[in-house]
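# Secondary and tertiary structure notes
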Amino acid sequence: MSSWRTLLLRIGNKCPEYGGSADVKEHIDTCYGVVRRELEHSAGDISTFLIECAEGLPHKIPLLGTVIGLLNLENEDFVRGVVETTQTRFQEALDSGNCDRIRVLMRFLTALMCSKVLQPASLVVAFETLLSSAATTVDEEKGNPSWQARGDFFVTCILSCLPWGGSELAEQVPEEMERVMVGVEAYLSIRTHNTDIGLSFFEDDDDLSVGEKDFLEDLWDRIKFLSSNGWKADSVPRPHLAFEAQLVGGKAHEFGPINAPEQPEPLSQLSGITYGREKHNAELKYPQRIRRLNIFPTGKSEDMQPIDRFIVEEYLLDVLLFLNGCRKECASNMVGLPVPFRYEYLMAETLFAQLLLLPQPPFRPLYYTLVIMDLCKALPGAFPAVVAGAVRALFEKIADLDMECRNRLILWFSHHLSNFQFIWPWEEWAYVLDLPKWAPQRVFVQEVLEREVRLSYWEKVKQSIENAPALEELLPPKGSPNFKYSVEDGREKTEYHAISAELSNKVKGRATAREVIAWIEETVLPAHGFESTLSVIVQTLLDIGSKSFTHLITVLERYGQVITRLCPDLEKQILLIAEVSSYWENSTQMTALAIDRMMGYRLLSNLAIIKWVFSQPNIEQFHISDRPWEILGNAISKTYNRMSDLRKEVLSLKKNVLVAEEAAARAKAELDASESKLTLMNGEPVMGDSPVKMKRLKSHADKAKEEEESVRDSLDTKEALLARATVENEELFLALYKNFSSVLKERLPDASKVQTLRDLKSTQGDEMAVDTDQPSTMEVDDENGGAKKSQSNGEGGCSNIYNIGEKEQWCLSTLGYIKSFSRQYASELWSHIEKLDAEVLTHDVHPLFRRAVYSGLRRPMNELSSG
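A brief look at the structure comes next. In this text, all values refer to a predicted model and were calculated from it rather than measured experimentally.

## A closer look at the nonpolar core
Within soluble globular proteins, side chains that are nonpolar generally end up buried alongside one another. Core analysis: the biggest nonpolar cluster contains 259 residues, and Trp426 and Tyr737 have the highest contact counts within it. The leading source of residues in this core is helix α2 (residues 24-56), at 12 residues. In this structure, Met643, Leu646, Val657 and Leu715 belong to the second largest nonpolar core, which totals nine residues.

## So, the packing of helix α26 (residues 588-600) against helix α29 (residues 627-675)
Relative orientation of the contacting elements α26 and α29 amounts to 25°, with a least axis distance of 10 Å. By the angle class used here, α26 and α29 are roughly parallel. Pair α26 / α29 crosses with right-handed handedness. Contacts from Thr588, Thr591, Ala592, Ile595, Asp596, Arg597, Met599 and Gly600 of α26 reach α29 at Arg627, Glu630, Ile631, Asn634, Ala635, Lys638, Thr639 and Arg642. Along the lines of polarity and charge, the residues of the contact of α26 with α29 split into five nonpolar, five polar and six charged.

## Quick look at unusual backbone geometry
In this structure, Pro359 follows Leu358 across a cis peptide bond, with omega equal to 5°. One can find Pro359 in the loop between α15 (344-355) and α16 (365-378). In this model, Gln421 sits at a positive phi of 55°, which is unusual for a non-glycine residue. With respect to the secondary-structure elements, Gln421 resides in the loop between α18 (403-418) and α19 (440-455). Residue Arg510 is not a glycine yet carries a positive backbone phi of 65°. By the secondary structure assignment, Arg510 is in the loop between α21 (495-508) and α22 (513-528). For Arg510, a relative accessible area of 60% corresponds to the exposed category.

## A word on the pattern of salt bridges
Tallied over the full model, the rule gives 62 salt bridges. With a shortest N-O distance of 3.0 Å, Arg107 and Asp318 are connected by a salt bridge. Placement of Arg107 in helix α5 (residues 99-114) and of Asp318 in helix α13 (residues 306-322) is noted, with a sequence separation of 211 residues between them. The buried category is assigned to Asp318, whose relative accessible area is 0%. Beyond isolated ion pairs, a larger network of salt bridges with shared partners links Asp100, Arg103, Arg107, Arg289, Glu314 and Asp318.

## Here we look at the packing of aromatic side chains
Considering all chains together, one arrives at 37 aromatic pairs under this definition. Taking the centre distance of 6.1 Å and the plane angle of 20° together, the rings of Trp629 and Phe740 count as stacked. In this pair, Trp629 sits in helix α29 while Phe740 sits in helix α30 (residues 691-747), placing the two residues 111 residues apart along the sequence. Residue classification places Trp629 among the buried residues on the basis of a relative accessible area of 4%. Under the relative-accessibility criterion, Phe740 is labelled buried at 0%. Here the aromatic cluster, defined as three or more aromatic residues joined through ring pairs, consists of Phe352, Phe395, Trp412, Phe413, Trp424, Trp426, Trp429 and Phe444. Above the plane of the ring of Trp164 lies Arg107, whose end atom (NZ or CZ) is 4.3 Å from the centre.

## Notes on the side chain of Arg627
Among the secondary structure elements, Arg627 is positioned in helix α29. Buried and unpaired, Arg627 has no salt bridge, with Glu585 as the nearest side chain of opposite charge at 7.0 Å. If near-sequence neighbours (up to four positions away) are discounted, Arg627 is found in contact with Ser581, Trp584, Glu585, Ser587, Thr588, Thr591 and Gln621.

## Digging into the packing of α15 against α16
Axis separation between α15 and α16 bottoms out at 9 Å; the angle between their running directions is 165°. Between α15 and α16, the interaxial angle falls into the category roughly antiparallel. Of the two elements, α15 crosses α16, and the hand of that crossing is left-handed. Between α15 and α16, the residues in contact are Met347, Leu351, Gln354 and Leu355 and Pro365, Tyr368, Val371, Ile372 and Leu375, respectively. Classifying every residue of the contact of α15 with α16 gives eight nonpolar, one polar and no charged.

Conventions we followed
- Residues numbered from 1 in each chain as written.
- Predicted model: local features only at pLDDT ≥ 70, side-chain atom pairs only at ≥ 80, totals over all residues.
- Heavy atoms only, no water.
- Core = buried A, V, L, I, M, F, W, Y, C linked by side-chain atoms within 4.5 Å.
- Buried < 20%, exposed > 50% of the residue type's maximum accessible area, 1.4 Å probe, protein only.
- Helix = DSSP H or I, 4+ residues; strand = E, 2+ residues; numbered from the N terminus.
- Axes fitted to C-alpha atoms, helices over the stretch in contact; angles between N-to-C directions.
- Parallel < 35°, antiparallel > 145°, perpendicular 65-115°, else oblique.
- Left-handed = near helix turned anticlockwise from the far one by under 90°.
- Contact = heavy atoms within 4.5 Å.
- Nonpolar A, V, L, I, M, F, W, Y, C, P; charged D, E, K, R; others polar.
- Salt bridge = Lys/Arg side-chain N within 4 Å of Asp/Glu carboxyl O.
- Phe/Tyr/Trp six-rings, centres within 6.5 Å; stacked < 30°, edge-to-face > 60°.
- Lys NZ or Arg CZ within 6 Å of the ring centre and 35° of its normal.
- Lys, Arg positive; Asp, Glu negative; His and termini not counted.

Structure, rendered in C-alpha cells:
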C-alpha cells in the first residue's frame, strides 16, 4: 500500500504512520503534504480513494474534509472533480435507495462546506430538495403517506448533518438556514407520530410508546437544544478551524442540482390492507437505524449534552457498518472515537440495541458477539464490568423482554460465556430455583445452561456452576440417546430387540433401501402392525446414526426411502416425529437437528411438524422450554428459505432469458445478413456468403436458439415450483395461525375481562405463585464498575417472588411467540393477509391474539380489514 493511502486511512489514529502523535493538526499537515506531492501522478486514484475513505470511515469525515480544503488551495480543478464525483455518487444513491451512502455523503458534503470547498447555498438547496420530497410524500392529496418512512429518513439525514455544519450555515447563510429549520418543523406538523408498536424491546413499551416522542421528534428536540447552545457539540471535531485563515482563500464550488426519487403511486384510499402492505414495504426499504435501549441509569452518561448521545451512536453504528469484515479494526475504532468523554456505557447500550434490534439486526448476531468479546479484551479494566451490568439489568426485566429479544440474549450470553471459560457469578441467580418453573428468570437460566452444554460438554458446564451447585437441577439431562431396543443395559430382550438387531445387521451388510423395504413389508409389518414396526425401524436407524451428525446424514441419505415408504402421509409423519423426539428426549439439539434434516430430505412435511408441535405434550411446554419453539421455528425458516431461493432463481432465470433472447437475435441477424449478401461464385453472382461461413453462422444461430429454449424451459419449471411453493406457504401459515387461535381460545380469559397484556398479568386465576420469607440479594455494578449488594421485591426485580400464575404465563409466552413469528415473516403474511383475515382473524377472535398478530405486522388495531 502506497504511503498516501495509509496516511489517509490512518488519519486521526495514534499510530506509527504519524510517529505515534495524536495531534490532529499535525496529522492533517502531514497527510496534506504527502497527498499534494502525489497529485501530479495519481490524481484519479486519490480522488476516488478520498471519497471511499469518507464513505467507509465516516467518523473521520471532518479530517478528510479539511485535507480536501487544503488541496483546494493548490489545485481547484482536482477538488472540483471530487465535488462532481460526490454529486454523481449521491444521485446514484438516491436513485437506488442506498440509505447508508445517502446519509454519509450528506455528512461529507457538510464537511466540505465547512472547509470552504462547497458553497453553503448549494448544500441548503440539496437539503430543501429532500425536504420538499418528504413533505410531498406525507401529503394525503399529492403523495402517499404510507411511505412516510422515506420522508422521515430524508429529514433525519438533514438533521443529522447539522451537528457537523450547523454553526457555519447559521453564520454564513442565516436566512436559508432558518428556512430549513422552519421546513423541518412544518414537516413534523403534518407527518404521523410513529409508534414503535411491534418493535419495542419490552412488551409493556408497546402501550407506553404511543405517548412518547418517536426517534425523529426526539432528534429534532436535540437539534433545537444544540441550536440554542450556539451549535457547540463536544463530540464533533472541528479541525478546519485550525486552518481557517488558509481555507478562506480557497474557491467554494457549486454543487449541481439533485433529483429526489420519484414519488410512490398515490393510494386510492388511506386505510386497510393496501396501506399496510405499502407501509411495510417502505419500512423495509428505509428502516430506522436504531431503537434506543436504555439499560443504565441516565447518570452513567451525565457528562454528555443531549446531541452527544446521537453523535456517538452515529459513530458507533458507522464503525459497525463499514468495518464489519474486520472485527479487530472495528473494535479498535470503536474504542478510539474522537470524543473528549468516556462512553463505555453508551457503547454497550448501542451494541445491545443492535443485537436485539427488531425486526432483525443489520448483521448476524455472531458479529456482535465477536465485537463485544474483542472490546472486553481491548478494555479489560472497564468494558467487562459494563457488559456484566447490562446483563444483570436485562435479566431483571426478562419477564417483560420481547420473546425474540429474549432468545437472542440467551444465544448471545451462552456464546459470550463460552469465550470466557464459562465464568459467571451464578450464585447471584441461584434464587431462581425458588421461583415456579414457568418464571421467565428461571427459564432464562435453564436455557442459557442448555445452550452452554451445546457449546461445550455437560461436565464442563456443571463445573462452571460449582459456586451455585443447586443450579444443577436446571442443567439439561446428559445428551445420551434413549434407545428402546438397547441390549447393553441388561434390559429384557423382546421380539422387537431381535427385529432391531436384524435391521442393524442388514445395514452393516450394506443392504439396499429396496431390500430393507421388501423385508419390512413381507416380514415385519404383517406380524407386528404399523406403530410397532415404525418404532423399531426408526429407533434403530436413529441409533445407527447417533454417533455423529455425519452418521445421521449418511443413514438418512441411504435409507430415507424406507422412512418415506413407511410414512407417506401426515398422520404417519406425526408418529415418526414422536419417535425421533422419544429417541432424543435427552437432547433438544439432536431432536431439532434430526427433524430439520428429515424435513430437508422431504421425509417430513412442514404441516406434520406444526401438527406435532401443537400436540398436547408439547403445548404443555410452551412456557417452560424452548424445545417446541426451536423445532417450529426451524420448520418455518426452512420453508421460507426455500421460497426465497426459488424467487431468486426465477429472477436470475428471467435475466438469463433476456440475455439468451438478445444473443439469439444477434445470431439470427448475422445469419440473415450473410444469406442476403451477394457474392461471386465462379464469376457468377449468387445469394449468400461463402458456404463455410454460412455453415458456421447457421450452427451458431441454432445453438443460440437452443440455449434460449433451454433457459425458457428452466424458467417455466422454476415458476411452476414457485407457484406450488406459494400455495404450500399459504397453507403453512394458515395452519400455524389456526392452531395458535385454537389453543389460545381454550386458555385465554374471557375477552370482556382481559383486553391488554397488563390485564392478563393482573389476572390471578391460578394461585401457583411462590413466595418465601427472605428476599435474595444480588450484585449490581456501581458507578466505578465495582459491585454493591441490592435488594428488590416485585415482578421483574431480583426477587424470589413471581406473582403471575402458570396459565397466565403460558398465554404470555405463546402470545410473545405469535408476535415474534408475525414480525419475522411479515412479508409473507402480508401476501396472504386476505385469507388470514377471512379464516383466522375473524371478528370473534380474542383481542389479545389479534393484537399479537397485528403488532408483529405493525398493523393498527383499529384498522378495518379492507383493501
